[in-house]
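Coordinate analysis (summary)
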Amino acid sequence: MSNRPDNEDSGSADSVKKLEPEKKIDAYSEYLQLADGNRPPHLYQLLDIELFCPHPERINQAVRRQFRKIKPYEENPDRQVRERIQDVMTHIATAKTVLNNPIQKAEYDERLAKALKIDRDEYLLTRTAARPPEFCITVIAGPAQVGSRFELLPDKSITLGTNAQATICLPSLRLAPLQATVDQRDDNWVIRNANESLVMIVNDARCQEQVLESGDVIDLVGYRILFSEIPKAPRKANANAPPLSLVVHSGPSVPDPLMNLMSPASVLIGRCDTALWQLAGKDVSLHHARVEWDGAFWQLRDLHSDTGTFLNGEKVTQSILGHRDVINLGPYEIQVRLRK
Amino acid sequence: MSQERVKPVGIDLGTTFSAIAYVDDGGSPRAIPNAEGAYVTPSAVYIKPDRSIVIGQKALDALSERPDRVAVNFKRDMGEKFYSEPIGGREFSPEALSALVLKKLAQDGRNELGEIGGAVITVPAYFGDARRKATQDAGRIAGLDVLDIINEPTAAALANAFQQFINQGGDQSNLSIARIAARAPSTTMVYDLGGGTFDVTVIRIDHNEFEVIATGGEVRLGGIDFDQRIVNYFCDEFRRRHGIDPRDTTETMERIRSTCELAKIALSDSEQTVLVCEHLGRKMQVPISRPRFEQLTADLIARTQISTEMLLEDAMLGWDRIDNILLVGGSSRIPRVARMLEEISGKKPEMAIAPDQIVSHGAALHAAISVLDRAPQPVTAVGERRMDSESAPQPVNADDEQRMMQAIMATDAVDAAKRIKLADVNSHGLGVIVRAKEGQVTANSVIIPKNTPLPTSRVKLFGTEAKNQRQVRLRITEGDTRDPRGCTQIGECLIRQLPKGLPKGAPVEVSFRYDASGRIQVKAIELTSRISADVHLERTSGFEQEDLNKMKDAVSEINVE
């Protein structure tokens, strides 16, 4: 392929020449967060997938993911930056054409293996030998779906969102139609925000994407899900906490008037955008109260709120919750339901 | 009232070509030929040394002689301050250059119709706020009454549905726009690869309702990029054989470029063609085959494929939910386009009847419909006739209304057109810049995500940053990333004079309203003091009124040919 160096060079599959930008802008690390290394990166690095990845579906998904990351920046006011970004977008498009074409991919892989001094077949063999354990995702808190478990199948990615077409459909006014995806990278499962503006919290830390480990707890505005190994034997029913439901009985309208919980979930109630259960009235503190399982009981705890938390009419700092209890919090009256 | 029928027009202001159309008395869209007899006019502006201005094919012809005096592809620079290069030593804004093209089209329209009554101008669906404003400004500078701007794929879908009605044996003598879609509801994907931009849109058509589900695309991807690949191929060959790179000098480049463009067009029909060009007295022939062309442009096609797949992912639609694929735009004639779409969808895409004109037809239909919407409603419809017509202004009676509408099209078509409903989505998110809780970095908080059906309104709650904060400044953005660098600021809203002693995190409620005609209204209120501020971001102008008038006057004095 013969293209002008200032425009399309980075696009050709066999280009190992280094680009010499007039200004030092490394669009690969700046916009795709690729680790430092050779520039331009090889196609598998570019797509942030495993070396010689043989799954067309995973390749195409990675193409879209990387494209989504860089595309918002194509309108950069600086013409030079814009051109660098265009180069990277061309590069991603080239990765798609090369890796989707079996003949071109074989040629490319062979060249790359030689350059990296790796035996491709041996490499792939050792990869497939190590079978990853099997995992599942359980919805443990939220307005619906609580208790549902979804098994993760190798090489199949899953989607989470409000759309009925999503693998895990999570109805809520606070969620996007496509909120997050979970897919496999190398031997790991990775959860990713569908777009950068969405909020995702994994084990109390806000992030855009996260390699998951068994036991990780993920908050997707209003829902909490648990990532874990598929239990070998079926668990004894109600070995843990009885499922708890909190229902807004009266008060200003809220996106989700219902919150269901099962252990090990705990729910933060407050006005805050990242609160698992957001109640938006003005007398509600940002972090107002918390409901959690202490191993024996569901506990309600006031988080030093401005207007206090009341249980059955009495101001409380901490109390055990029972079936049909009534919580008052700001302008809201909340009913407690405990299923046996 | 004049009995002459003053007709509104629809204008497709394209990167490489533009077109104008109107809706005739029977309610059918018709293309208007330019003074040279062609139905499309190259979007090229030639400013002669004597400062007279030539638009269209003649301007394009002058490009190889006077590349410094001809402007092309300025739609790509829409939203920027100036066209990429000075023309005849002067800097021009893309709006002014576009206005000249619009002026020429309107002139052709007047030659055909006598007077024209307002215009609808099209924009790529993926255009952001700045580019849309710039397009509307261009219309105003050209002295047009801009009725509305409409997204190109929506216009194409409208015109196509109309065309299908006729093809399926619609009653020619009793045409009506709204009967076009009186069939089973269907979902159409419009793939629009034009000269400079690429749009892909999914539209649900249910009887008279055209509902856009999701839209995507690229603002800098089109036919001229395909041309450039052939140019580079030729120049590389030339350098290899002669040791000189034609790209180093501007002189022959325009001729090479137009040869390559013609070769691209030829390769849509034939398997092979030959590029014949001369540079510095050295003539060279370079054969080029269709597979070679497809290899040179594989990544460009792949980019449209990525956008298409991303769109389906956004809309959470599988190919099984798409009933048909409509190809629009001259560059979708490239055979690889239809093949690629068929490979990934398993469906045979259909080419629009006139892919270069269909967008202007749709714009004309929309123009006719918006004029009807604007017409005043009758006060009463009693049989009594009003006798006195001296004291103005009078409420319009039913007769007048009827006459006003008949001035645009026949009664039958009027009834029908009034029933058509268009519903669009926003192609980019809208939000505000906030300071993230964790640390001091700023972040963009999207309030209306992209592909939200319009009109819409959304509310989000924020807190003040510091104790005793006296004012809150909201920077309003367009974009979908949390990173502010991925967004463009399109406005600002300031709450002033908050009371003393507010705690940190005092609740500030921000609400966004986005109406169907593109007006954005932002309101912010501090909930404890109830002090608020609001701002209207109208898609009216990127210019001050005074500057706009100045440009308008300047353009009105210019004669274009």
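Structural data are supplied above this passage.
Below or above, wherever it landed, is the structure these notes cover. Everything numeric in this text was worked out from a predicted model, so none of it was measured. (Residues numbered from 1 in each chain as written. Chains lettered and ligands numbered in written order. Predicted model: local features only at pLDDT ≥ 70, side-chain atom pairs only at ≥ 80, totals over all residues. Heavy atoms only, no water.)

Each helix and strand counted, chain B has 13 helices and 25 strands in total. Across the 561 residues that make up chain B, the buried fraction comes to 57%. Restricting the contact set of chain B to residue pairs at least 6 apart, pairs at least 24 apart contribute 65%. For chain B, the exposed surface amounts to about 23,800 Å²; the carbon and sulfur share of it is 46%. (Helix = DSSP H or I, 4+ residues; strand = E, 2+ residues; numbered from the N terminus. Buried < 20%, exposed > 50% of the residue type's maximum accessible area, 1.4 Å probe, protein only. Contact = heavy atoms within 4.5 Å. Areas by Shrake-Rupley, 256 points an atom, 1.4 Å probe, with all protein chains shown as cover.)

Turning next to the overall build of chain A. Along the backbone of chain A there are 6 helices and 22 strands. Counting over 340 residues, chain A shows a buried share of 52%. Put simply, 47% of the contacts in chain A that link residues at least 6 apart link residues at least 24 apart. As displayed, chain A offers around 16,000 Å² of accessible surface, 50% of which is attributable to carbon and sulfur atoms.

Here the focus is the pattern of salt bridges. Using the criterion set out here, one finds 45 salt bridges over all chains in the structure. Notably, a salt bridge pairs R339 of chain B with E294 of chain B, separated by 3.0 Å at the nearest N-O pair. Remark: E294 of chain B occurs in helix α7 (residues 290–296) and R339 of chain B occurs in helix α9 (residues 335–345); sequence separation between them is 45 residues. Judged by relative accessible area, which is 16%, E294 of chain B ranks as buried. A network of salt bridges, in which partner residues are shared, links R64, R68 and K96 of chain A together with E309, E313, D314 and K450 of chain B. (Salt bridge = Lys/Arg side-chain N within 4 Å of Asp/Glu carboxyl O.)

To characterise two packed helices, one gives the angle between the axes of the helices and the distance between these axes. Residue and element names in this part refer to chain A. Running from N to C, helix α4 (residues 79–100) and helix α5 (residues 102–116) point in directions that differ by 100 degrees, and their axes come no closer than 5 Å. Compared by their axis directions, α4 and α5 come out roughly perpendicular. Residues T97, V98, L99 and N100 of α4 touch α5, and the partners they reach there are P102, Q104, K105 and Y108. Per-class residue counts for the contact of α4 with α5 are 4 nonpolar, 3 polar and 1 charged. (Axes fitted to C-alpha atoms, helices over the stretch in contact; angles between N-to-C directions. Parallel < 35°, antiparallel > 145°, perpendicular 65-115°, else oblique. Nonpolar A, V, L, I, M, F, W, Y, C, P; charged D, E, K, R; others polar.)

Residues and elements named next belong to chain B. Burial analysis of strand β9 (residues 146–151) places 6 of its 6 residues in the buried class, which makes it a mostly covered element. In this sheet, β9 lies alongside strand β8 (residues 116–123) in parallel orientation, the contact comprising 5 bridges. Note that in β9 the partner of V123 across the bridge is N151. Each parallel crossover has a hand, and for β8 linked through helix α3 (residues 129–141) to β9 it is right-handed. (Pairing = 2+ DSSP bridges. Right-handed = clockwise from strand over helix to strand, strands pointing away.)

What follows concerns the nonpolar core. The nonpolar side chains of a soluble globular protein tend to be buried with one another. Residues and elements named next belong to chain B. Core analysis: the largest hydrophobic core is formed by 51 residues, its most contacted members being V9, I11, V45, L102 and L144. When residues in this core are grouped by element, the largest group, 9 residues, is from helix α2 (residues 94–113). Listed in part, the 41 residues of the second largest apolar core include A214, I230, Y233 and L300. (Core = buried A, V, L, I, M, F, W, Y, C linked by side-chain atoms within 4.5 Å.)

This brings us to helix α6 (residues 253–266) of chain B. Compared with an ideal rise of 1.5 Å per residue, which puts 14 residues at 20 Å, α6 of chain B spans 20 Å between its outermost C-alpha atoms and is within 8% of the ideal. Looking only at α6 of chain B, the buried set comprises M253, E254, I256, T259, C260, A263 and K264 of chain B. (Expected span 1.5 Å × (residues − 1).)

Residue and element names in this part refer to chain A. Secondary-structure assignment places E292 in strand β16 (residues 289–293). In the structure, E292 is positioned 31 residues away from L261 in sequence and 8.9 Å away in space, judged by C-alpha atoms. Sequence-distant contacts of E292, defined by excluding residues within four places in its chain, comprise A265, S266, F297, W298, Q299 and R301.

In this section: the interface of chain A and chain B. On the chain B side, the residues contacting the 41 residues of chain A number 43 residues. Both sides of the chain A and chain B interface together cover about 4,100 Å² of buried area, and 50% of this is carbon and sulfur. Viewed at the interface, chain B and chain A are joined by 6 salt bridges. Here E30 of chain A makes a salt bridge to R485 of chain B, at a shortest N to O gap of 2.4 Å. In terms of residue class, the side of chain A that touches chain B is built from 13 nonpolar, 12 polar and 16 charged. (Buried area = accessible area lost by both parts, 1.4 Å probe.)

Before going further, it helps to examine the sheet that holds strand β16 (residues 350–351) of chain B. Residue and element names in this part refer to chain B. With respect to topology, 6 strands assemble into an open sheet ordered β16-β15-β10-β11-β12-β17, the strand pairing being mixed. Strands with a single pairing partner mark the edges of an open sheet, and in this sheet they are β16 and β17 (421–423). Alignment of strand β10 (residues 186–193) against strand β15 (residues 324–328), held across 5 bridges, turns out to be parallel. Across the sheet, residue Y191 finds its bridge partner in β15, namely L327.

This paragraph deals with the sheet that holds strand β3 (residues 158–161) of chain A. Residue and element names in this part refer to chain A. What the 5 strands build is an open sheet, ordered β4-β3-β5-β6-β9; its pairing is mixed. A strand with exactly one partner marks an edge of an open sheet, and here the two such strands are β4 (168–169) and β9 (209–211). Sheet analysis places β3 next to strand β5 (residues 180–185), joined by 3 bridges and oriented antiparallel. Within β5, the position partnered with L160 by the bridge is A180.

This paragraph deals with the side chain of R84 of chain A. Of note, R84 of chain A is situated in helix α4. A distance of 2.8 Å separates a polar atom in the side chain of R84 of chain A from a polar atom in the side chain of D87 of chain A. (Polar contact = N/O pair within 3.5 Å; in protein donor to acceptor, adjacent residues only side chain to side chain.)

All right, on to the environment of T215 of chain B then. Residues and elements named next belong to chain B. If you trace the backbone, T215 turns up in strand β12 (residues 209–218). Separated by 95 residues in sequence, T215 and M310 place their C-alpha atoms 9.8 Å apart. Not counting the four nearest positions on each side in its chain, T215 is found in contact with A125, V200, T201, L311, V425, S427 and N451. Polar side-chain contacts of T215 include one of 2.8 Å to the side chain of T201.

Here the structure, examined in full by the defined rule, presents 10 aromatic pairs over all chains. For the ring pair F135 of chain A and F227 of chain A, a centre distance of 4.7 Å and an interplane angle of 20 degrees mean the geometry is stacked. Here F135 of chain A, found in strand β1 (residues 135–142), pairs with F227 of chain A, found in strand β11 (residues 223–229); they are 92 residues apart in sequence, far enough to count as distant. Of the residues examined, F135 of chain A reaches a relative accessible area of 10% and is grouped as buried. Given a relative accessible area of 0%, F227 of chain A falls into the buried group. An aromatic cluster of at least three residues, connected via ring pairs, comprises Y44, F52, Y108 and Y123 of chain A. Above the face of the F52 of chain A ring, R120 of chain A is positioned so that its terminal group lies 5.7 Å from the ring centre. Seen from the ring of F127 of chain B, R131 of chain B lies directly overhead, with NZ or CZ sitting 5.5 Å from the centre. (Phe/Tyr/Trp six-rings, centres within 6.5 Å; stacked < 30°, edge-to-face > 60°. Lys NZ or Arg CZ within 6 Å of the ring centre and 35° of its normal.)

Moving on, we get to the side chain of N451 of chain B. Residues and elements named next belong to chain B. Following the sequence through the fold, N451 ends up in the loop between β19 (442–448) and β20 (456–463). Looking at N451, its side chain comes within polar contact range of the main-chain nitrogen of T215, at 2.9 Å. Once residues lying within four places of it in the same chain are set aside, the contact partners of N451 are I213, A214, T215, D314, V425 and N426.

A few words on α5 of chain A. Residues and elements named next belong to chain A. With 15 residues, α5 extends 20 Å between its outermost C-alpha atoms, agreeing within 8% with the 21 Å of an ideal straight helix rising 1.5 Å per residue. Listed in full, the buried residues belonging to α5 are K105, Y108, D109, L112 and A113. The arc that holds the buried residues of α5, viewed along the axis, is 135 degrees, so those residues lie on one side. Residues of α5 that are exposed and point more than 90 degrees away from the buried face comprise I103, E110, K114 and A115. Between a side-chain oxygen at the N-terminus of α5 and the backbone nitrogen of I103 the separation is 3.0 Å; the capping residue is N101. Directly after α5, the chain includes K117, whose backbone phi takes a positive value near 60 degrees. (Arc of directions from axis to C-beta.)

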